[in-house]
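What follows is each chain in one-letter form.
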Amino acid sequence: MNSYLPVIIGMALVTYLPRLLPLMLLQRLKLRPSVMRFLQLVPYTSLSILIVRGVLTSQPEMMPAALAGIGVAGTLAYLKGNLVLSVLSGIGVSFLVITFIG
Amino acid sequence: MRQDTKKLIREGIVAGSPLILGYFPIAMAFGLLAKNTGLTITDTSATSLLVYAGASQFMFLDLVRAGVSAGSIILATFLLNLRHMMMSASLSVNLKKDTSGFLPIIGFGITDETFSVLSFNRDKLSLPFILTVNLIAYGSWLGGTAVGYLVGEVIPKALQDSLGLGLYAMFAALLFPSFKADKEYLKPAFLGAVTYYAIFKTGLLSSGWDIIAGIVIASALGVFVMGKEDKDE
């Protein structure tokens, strides 16, 4: 069996550099307020995009379980503020939906 | 060890421990799938150890199965992971001074998941805090990969699937409470959802570009809608 190590190292490099370079470069610059604001909004837009993408790209039979898990975890976190409890409850509800409905 | 370093590490453990739930099961799924794709345990571990980026590792397996060339695999990986550039840029403005010599290590650890946890703890981004969160995530990813490769088959399919959804549950559990602190942030979240939905439905952009374009467009719209004023800082 041939090894994929050269491909893996290539993948590692193109993944690492975009993670590293903005950290090294942006700290030295004085950014304009609009750019700061833009960067400050990235967590909200990107998380929301990852959630929506997760639902849209999941297999059709998994969609109800995904939506239920996301809804329960998000709501519990909003009300109680406990991240671990919220994620566990989300997983539990997804499991119930897959087992009994899916 | 100084007292405040201990405190920062403890805070890092509290903030980072949900990542175990988000990461371990998905890494297990990766390990199992890699084994079924025919990768050796060395290659499988190397992928998680060196690339350390969930979605692109699954894509790697897909492309290997499809017999795609090495160059195309690397290019696709680059595009899919380019979103971390936005996340890295976003974090860079809030890093504490003690991180300055450690950016190569901190940068390696930036993933969707660690970014989510770190960016919602913007006031705590000291070196001990960040390294603790990153180490928990990296450890879960590596441990999960190995366990999945070696004994992944024993876990029932329904449980594997629901654990896999834990990632999205975690994203929601991080995002939703932030609206309580300031309802204004519903706007960028909403813009992100609508923008991505539109991009997805038109199908013009390939995987990778769709996420980056979504983040850039929605965040720019957010600046336009909310104004430059930064009320928090």
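Worth saying up front: this structure is predicted, and the values here are computed from it rather than measured.

Colleague: Just checking my understanding: could you explain the confidence of the model for chain B for this structure?
Modeller: Close reading of the predicted structure is inappropriate where its pLDDT is low. With 97% of its residues at a pLDDT of at least 70, chain B reaches an overall mean of 90. When pLDDT is averaged over each helix and strand of chain B, the minimum, 84, is found for helix 10 (residues 157-164) of chain B and the maximum, 97, for helix 3 (residues 41-51) of chain B.

Colleague: Can you walk me through the pattern of salt bridges in this structure?
Modeller: Opposite charge on two side chains permits pairing when their charged atoms draw close. Going through the model one piece at a time under the given rule, you end up with 6 salt bridges over all chains. One salt bridge in this structure joins Asp 210 of chain B and Arg 53 of chain A, with 3.7 Å as the shortest N-O distance. Of the two residues, Asp 210 of chain B is situated in helix 13 (residues 209-226) and Arg 53 of chain A in helix 2 (residues 33-57); the pairing between them involves two chains. Like Asp 210 of chain B, the residue Arg 53 of chain A is buried in the burial classification. Between Lys 187 of chain B and Glu 184 of chain B there is a salt bridge, with the nearest N and O atoms lying 2.8 Å from each other.

Colleague: What exactly am I supposed to notice about the nonpolar core here?
Modeller: Nonpolar side chains tend toward joint burial in soluble globular proteins. Core analysis: the largest hydrophobic core is formed by 79 residues, its most contacted members being Phe 60, Ile 73, Leu 118, Leu 125, Phe 171 and Leu 175 of chain B. Looking at this core element by element, the count peaks at 12 residues for helix 2 of chain A. Residues from two domains meet in this core; each of domain 1 (3-177) and domain 2 (182-233) of chain B gives at least three. With 6 residues, the next largest nonpolar core counts Ala 65, Ala 66, Val 97 and Ile 98 of chain A among its residues.

Criteria and thresholds
Residues numbered from 1 in each chain as written. Chains lettered and ligands numbered in written order. Predicted model: local features only at pLDDT ≥ 70, side-chain atom pairs only at ≥ 80, totals over all residues. Heavy atoms only, no water. pLDDT = per-residue confidence, 0-100. Helix = DSSP H or I, 4+ residues; strand = E, 2+ residues; numbered from the N terminus. Salt bridge = Lys/Arg side-chain N within 4 Å of Asp/Glu carboxyl O. Buried < 20%, exposed > 50% of the residue type's maximum accessible area, 1.4 Å probe, protein only. Core = buried A, V, L, I, M, F, W, Y, C linked by side-chain atoms within 4.5 Å. Domains from an automatic or database assignment.

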